[in-house]
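# Structural features, examined
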Amino acid sequence: MENEKINLEEVSKKECNCQKCGKSLEFDAKFCSNCGSIVELQEEESICQKCGIELNKDANFCQKCGTSKKSKILNTNDNLEISEQDIVENKNIAMLCYFGLFMLIPYLTKPNSNFIKYHSNQGLLLLILGILSSLIMIIPILGWGIGFMGYILVTVLFFIGIKNVLKGEVRPLPLIGKYILIK
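Residues numbered from 1 in each chain as written. Predicted model: local features only at pLDDT ≥ 70, side-chain atom pairs only at ≥ 80, totals over all residues. Heavy atoms only, no water.

So, on to the overall build of the protein chain. If you tally the helices and strands in the protein chain, you get 5 helices and 2 strands. Reading the helices (α) and strands (β) of the protein chain from amino to carboxyl end gives α-β-β-α-α-α-α. Within the protein chain, the fraction of its 183 residues that count as buried is 33%. For the protein chain, the proportion of contacts with a sequence separation of at least 24, taken over those separated by at least 6, is 43%. In the form shown here, the protein chain has an accessible surface area of approximately 12000 Å², with 60% of it arising from carbon and sulfur atoms. (Helix = DSSP H or I, 4+ residues; strand = E, 2+ residues; numbered from the N terminus. Buried < 20%, exposed > 50% of the residue type's maximum accessible area, 1.4 Å probe, protein only. Contact = heavy atoms within 4.5 Å. Areas by Shrake-Rupley, 256 points an atom, 1.4 Å probe, with all protein chains shown as cover.)

Right, here's the structure in full:
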């Protein structure tokens, strides 16, 4: 029992820094709190990121599920597994997810891409917020002010979503991104 405590303390004291910006990371962080990039653990390269079995040292692919040894799998909070390959292949078309109903184009043309599903969900939430802002604008005076603030929020979140796609990040939009409508 005492050996386990020592080992856990050593692991928790191990200093980890973001490979992109260099900021110190928390022990179990999946994203850098400074730049938002995905935290990659180099120690786990001998374990398959998808199915968890130990990989042969010389193998480039998992012998059980076929996942590339080099591809990193990210588990999002809505249990989507997103690989680096998925991000690279679908980054350009994923930008359409934030242009209102155009989000249907990537969602319907790339139904197996979890990166597209994630950003389609974020885009749908943004579209709903825009529609609600428009409906509130019907109310005279007070509604105009609230609706206008809603439009400003939609614009800011639009640019944040586009930035996340361009960087290949899977980060929820502030205020609305935690809700899941598309699984």
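Okay, the environment of Glu84 next. Here Glu84 lies in helix 2 (residues 84-94). On the basis of relative accessible area, Glu84 is assigned to the partly exposed category, the value being 32%. Along the backbone, Glu84 and Phe115 are 31 residues apart, and their C-alpha atoms lie at a distance of 9.4 Å.

This paragraph deals with the packing of helix 2 against helix 4 (residues 114-136). In the contact formed by helix 2 and helix 4, the axes pass within 8 Å of each other and the chain directions differ by 40°. Classified by the angle between their axes, helix 2 and helix 4 sit oblique to one another. Here helix 2 runs over helix 4; the crossing is right-handed. Contact residues: helix 2 offers Asp86, Ile87, Asn90, Lys91, Ile93 and Ala94, while helix 4 offers Asn114, Phe115 and Ile116. (Axes fitted to C-alpha atoms, helices over the stretch in contact; angles between N-to-C directions. Parallel < 35°, antiparallel > 145°, perpendicular 65-115°, else oblique. Left-handed = near helix turned anticlockwise from the far one by under 90°.)

Here we come to the nonpolar core. Nonpolar side chains tend toward joint burial in soluble globular proteins. In terms of nonpolar packing, the biggest core is built from 22 residues, with Ile82, Tyr98, Phe115, Leu126, Leu157 and Ile176 touching the most fellow members. Of all elements in the fold, only helix 2, helix 4 and helix 5 (142-167) reach the threshold of two or more residues within this core. The residues touching Phe115, leaving out its near neighbours within four places in the chain, are Ile82, Asp86, Ile87, Asn90, Lys91, Ala94, Val165, Gly168, Glu169 and Val170. (Core = buried A, V, L, I, M, F, W, Y, C linked by side-chain atoms within 4.5 Å.)

The next thing to look at is the packing of aromatic side chains. The geometry of an aromatic ring pair comes down to the distance between the two centres and the angle between the two planes. What the rule picks out here adds up to 2 aromatic pairs. Look at Phe99 and Phe158: their rings are 5.0 Å apart centre to centre, the planes differ by 80°, and that puts the pair in the edge-to-face class. Separated by 59 residues along the polypeptide, Phe99 in the loop between helix 2 and helix 3 (104-109) and Phe158 in helix 5 bring together distant segments of the chain. Among the residues examined, Phe99 registers a relative accessible area of 40% and is labelled partly exposed. (Phe/Tyr/Trp six-rings, centres within 6.5 Å; stacked < 30°, edge-to-face > 60°.)

Below, the discussion takes up helix 2. For helix 2, every residue scored as buried is listed here: Asp86, Ile87, Asn90 and Ala94. Considered in projection along helix 2, the buried side chains sweep an arc of 105° and stay on one side of the axis. What points out from helix 2, more than 90 degrees from its buried face, is the exposed set Val88, Glu89 and Asn92. Buried residues in helix 2 make contact with strand 2 (81-83), helix 4 and helix 5. (Arc of directions from axis to C-beta.)

For helix 5, which comprises 26 residues, the first-to-last C-alpha distance of 38 Å matches the rise-based estimate of 38 Å (1.5 Å per residue) to within 8%. All buried positions along helix 5 are accounted for by Gly143, Gly147, Gly150, Val154, Leu157, Phe158, Gly161, Ile162, Asn164 and Val165. Here the buried face of helix 5 lies against helix 2 and helix 4. Gly168 occupies a position one or two residues after helix 5 and carries a positive phi of about 75°. (Expected span 1.5 Å × (residues − 1).)

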